[in-house]
Amino acid sequence: MELDASTGLVRLYPEMRAVLLSGQQAEVLAVLIDRAGKPCRRDEIAAAMPKGSRPPTMAQIGVIIANIRNKLGAHRVLTGAGGWWLDASDASCPPAWPGAISFGELHLDLPRRRVWVSGRRSTIRLGWQEYLVLRALIEAQGMPRGCNEIWHAMPARARPARPAQVGVIVYRLRQRLGRELIITGGAGWRLAGRSEDTAFSAGASDAILLDPTTRRVALLSRVASVSLSPQEAATLQVLVEARGVPLSGTEVFANTPTMVRTKSALAVSTVISRLRC
């Protein structure tokens, strides 16, 4: 089952059937999806819904769920003393799209240009260039791809004017999907999901904690956190996202947002020297 919360459209698998829910029905179904197969009572469902969508009485929650069961099938929304819950196969599995490709937490529906991120309750519709870049990264199956490789893999009519502009598209994908899912390194970018990514996260995620909003970084070896300049924080963010992969000054420069970027790739070493101190 796949819910598009913005439209109320539900795709049912394996039947390959689409059902349109009302706004309230979509909100209730979203709550059940978030519970991932755990029973949910009337009051819990109402509390999790946006205030503007809640029915005036608790009894109407049951009516809404009855309508959902009629539309989707009673076997999908189970009921018992603990409330209602989704069948486990519908609550936890990624969409079984025909013609989809996957790597790590990302599942890309090729015909519809929609991506599903594991653990989320709805899909994301991608722009044409975003779709082409993400497809190239998923097809690489965790291996790095540089901007020139990705640019040449895109149809000529859909390419940005210059290969360097692929970095802008990658930035947009990170904003929409999650920065942690696309890793900088190896003279390009790759998707998270390899076994060594898990090992690095387990061994080093507590060693350095950077808050990009406040630009403060915490180290296990120090009691107090350290405040960084915008340039230092942006440079450190690029290094953290590389997850242990060595980066050249040119790679750090290319992956740093323009507004806080150093004047040249050579100046990156000066910022890193300040970070070391």
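Residues numbered from 1 in each chain as written. Predicted model: local features only at pLDDT ≥ 70, side-chain atom pairs only at ≥ 80, totals over all residues. Heavy atoms only, no water.

J.: Looking at this structure, how should I read the sheet that holds strand β2 (residues 9-12)?
T.: The strands that make up a sheet pair up through hydrogen bonds in the backbone, lying either parallel or antiparallel. The three strands are arranged β1-β2-β3 in an open sheet whose pairing can be described as antiparallel. In the strand order of this sheet, the two ends are held by β1 (2-4) and β3 (17-20), each with one partner. This sheet shows a mean twist of 20 degrees between the axes of neighbouring strands, independent of strand direction. Two strands pair when backbone bridges link them, and β1 and β2 are joined in this way by three bridges, in the antiparallel orientation. The residue of β2 that forms the bridge with L3 is V10. Of the strands in this sheet, β2 and β3 are in contact with helix α3 (residues 59-72), which crosses β3 at around 155 degrees. (Pairing = 2+ DSSP bridges. Helix = DSSP H or I, 4+ residues; strand = E, 2+ residues; numbered from the N terminus. Axes fitted to C-alpha atoms, helices over the stretch in contact; angles between N-to-C directions. Contact = heavy atoms within 4.5 Å.)

J.: I would appreciate a short explanation of the pairing of β2 in the present structure.
T.: Note on strand geometry: in a regular strand, side chains alternate between the two faces of the sheet. Residues V10 and L12 of β2 are buried on one face, while the alternating residues L9 and R11, pointing to the opposite face, are not. Linking β1 back to β2 in an antiparallel pair, the connection comprises four residues, with G8 at a positive phi of about 80 degrees. Looking at chain direction, β2 and β3 are connected through four bridges and run antiparallel. Within β3, the residue paired with L12 across the bridge is R17. (Buried < 20%, exposed > 50% of the residue type's maximum accessible area, 1.4 Å probe, protein only.)

J.: Can you walk me through the confidence of the model for the protein in this structure?
T.: Caution is warranted with low-pLDDT regions, since their predicted coordinates should not be read in detail. The predicted model of the protein has a mean per-residue pLDDT of 81, with 83% of residues at 70 or higher. Within the model, the stretch residues 198-206 combines pLDDT values under 50 with four contacts to residues more than four positions away or in other chains. (pLDDT = per-residue confidence, 0-100.)

J.: Help me understand helix α5 (residues 128-139) in this model?
T.: Structural remark: α-helix, 3.6 residues per turn; residues separated by three or four positions point the same way. Helix length check: α5, at twelve residues, gives a terminal C-alpha distance of 16 Å against a target of 16 Å (1.5 Å per residue), a fit within 8%. Among all positions of α5, only E130, Y131, L132, V133, L134, A136, L137 and I138 are buried. The first or second residue beyond α5 is Q141, which carries a positive phi of 55 degrees. (Expected span 1.5 Å × (residues − 1).)

J.: Can you help me understand the nonpolar core in this one?
T.: Formed by 29 residues in total, the largest nonpolar core has its most connected members in L106, L108, V133, L134 and L177. Elements with a minimum of two residues in this core: β6 (100-103), β7 (106-109), β8 (114-117), α5, α6 (147-153), α7 (166-177) and β11 (189-191). Excluding residues that lie within four positions of it along the chain, V133 makes contacts with I150, M154, V166, I169, V170 and L173. Counting 25 residues, the second-largest nonpolar core is a separate cluster that includes M1, V10, V28 and L72. (Core = buried A, V, L, I, M, F, W, Y, C linked by side-chain atoms within 4.5 Å.)

J.: Help me out: how do you make sense of the sheet that holds β8 in this one?
T.: Here four strands make up an open sheet; going across it, the order is β6-β7-β8-β9 and the pairing antiparallel. A strand with exactly one partner marks an edge of an open sheet, and here the two such strands are β6 and β9 (124-125). Relative to β8, β7 runs antiparallel, the two sharing four bridges. When the sheet's bridge partners are listed, L106 is paired in β8 with V117. Sheet contacts for α5: β6, β7 and β8; angle to β7, the most-contacted strand, approximately 125 degrees.

J.: What am I meant to see in the packing of aromatic side chains here?
T.: The description of an aromatic ring pair rests on the distance of the ring centres and on the angle between the ring planes. Evaluation of the coordinates by the stated rule reveals one aromatic pair. Judged by centre distance (5.5 Å) and plane angle (25 degrees), the rings of W128 and Y131 are stacked. One end of the pair is W128 and the other is Y131, both in helix α5 and three residues apart, which spans about a single turn. Directly above the ring of W151 sits R159, whose terminal nitrogen or CZ lies 4.5 Å from the centroid. The side chain of R261 reaches across the aromatic face of F253, ending 4.7 Å from its centre. (Phe/Tyr/Trp six-rings, centres within 6.5 Å; stacked < 30°, edge-to-face > 60°. Lys NZ or Arg CZ within 6 Å of the ring centre and 35° of its normal.)

J.: What's the story with the environment of A26 in this structure? I'm lost.
T.: Within the secondary structure, A26 sits in helix α1 (residues 23-34). When the C-alpha atoms of A26 and T7 are compared, they prove to be 8.5 Å apart, with 19 residues separating the residues in sequence.

J.: In this structure, what is going on with unusual backbone geometry? I would like to understand it.
T.: Comment: phi is negative for the bulk of residues other than glycine, and the bulk of peptide bonds are trans. The phi dihedral of R113 is positive, around 55 degrees, even though this residue is not glycine. The backbone of Q141 shows a phi angle near 55 degrees, a positive value even though the residue is not glycine. Counting through the fold element by element, Q141 comes out in the loop between α5 and α6.

J.: Explanation requested: the packing of helix α9 (residues 230-241) against helix α11 (residues 268-276) in the structure shown.
T.: How two helices sit against one another is set out by the angle between their axes and by the gap between those axes. With their axes 10 Å apart at the nearest point, α9 and α11 run at an angle of 90 degrees to one another. Compared by their axis directions, α9 and α11 come out roughly perpendicular. From α9, Q231, E232, T235 and L236 reach across to α11, where they touch V271, I272, R274 and L275. (Parallel < 35°, antiparallel > 145°, perpendicular 65-115°, else oblique.)

J.: In this structure, what is going on with the side chain of E130? I would like to understand it.
T.: Assignment of secondary structure puts E130 in helix α5. A polar side-chain atom of E130 sits 2.9 Å from a polar atom in the side chain of R176. Those residues in contact with E130, other than ones at most four positions away along the chain, are I169, R172, L173 and R176. (Polar contact = N/O pair within 3.5 Å; in protein donor to acceptor, adjacent residues only side chain to side chain.)

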